Amino acid sequence: MSQKHQLTELQLAIVRLLWARGEATVAELWEALHEERGLAQTTLATILTRLERRDVVAHRARARQFVYRALVSAEEVQHSMVSELTEHLFEGDVPALVNHLLTAQDVSPGDIARIREMLDAVDQTKEAAK
C-alpha cells in the first residue's frame, strides 16, 4: 500500500459509519454522531471535504445533497496506521510492538491460541511460497 491513511479519532468514527452504512449524507452522519460528539453539520462537512481531498472518501450528488462513501477499506487504514505506529513509536521493531501488546493488558488463553494459529498460518504460507 503506497498511500498513508492516518486518521484522527473523529475521522475514523466518520469512516467507520461509512463502512457500516455503505454511504451517507452529511445530515445522516451528523444524526449518528451529534449526541456523542457535539459537532455542527458544517464541521462535519468540512471534515468530509478534507477526507475527500485525501482520497479517503468520495461523494455523488443526490437531489441537493452530497452522498459520501469510503474509498479505503478498514484493512487499508489498519495497515497504514499500525505501520506508522510501529515505525514511529517502536522504531520499526515489530517484535517490540507485539511484546508490548501481549504484556500491556490481560491476554486470555484463547487470544494466545489464536495468535499461535496466526503465526502458524504465516509460517505455512511462507513455506509454501518457497
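Bear in mind that the values here come from a model prediction, so they are computed numbers and not experimental data. (Residues numbered from 1 in each chain as written. Predicted model: local features only at pLDDT ≥ 70, side-chain atom pairs only at ≥ 80, totals over all residues. Heavy atoms only, no water.)

Attention shifts here to the packing of helix 2 (residues 26-37) against helix 3 (residues 41-53). The description of two helices packed together rests on the angle between their axes and the distance between the axes. Direction vectors running N to C along helix 2 and helix 3 enclose 115°, while the axes themselves pass 10 Å from each other. Judged by the sense of rotation from one axis to the other, the crossing of helix 2 with helix 3 is right-handed. In this structure, helix 2 contributes Val26, Ala27, Leu29, Trp30 and Leu33 to the contact, and helix 3 contributes Gln41, Leu44, Ala45 and Leu48. Residues that form the contact of helix 2 with helix 3 fall into these classes: eight nonpolar, one polar and no charged. (Axes fitted to C-alpha atoms, helices over the stretch in contact; angles between N-to-C directions. Helix = DSSP H or I, 4+ residues; strand = E, 2+ residues; numbered from the N terminus. Left-handed = near helix turned anticlockwise from the far one by under 90°. Contact = heavy atoms within 4.5 Å. Nonpolar A, V, L, I, M, F, W, Y, C, P; charged D, E, K, R; others polar.)

With that settled, consider the pairing of strand 2 (residues 57-62). Strand direction decides the pairing type here: strand 2 and strand 3 (residues 65-70), joined by six bridges, are antiparallel. Bridging across to strand 3, Arg60 finds its partner in Val67. Linking two consecutive strands that pair antiparallel, namely strand 2 and strand 3, is a turn of two residues; a positive phi of about 55° is found at Ala63 within it. (Pairing = 2+ DSSP bridges.)

By themselves, these figures tell us nothing about what the structure is for.
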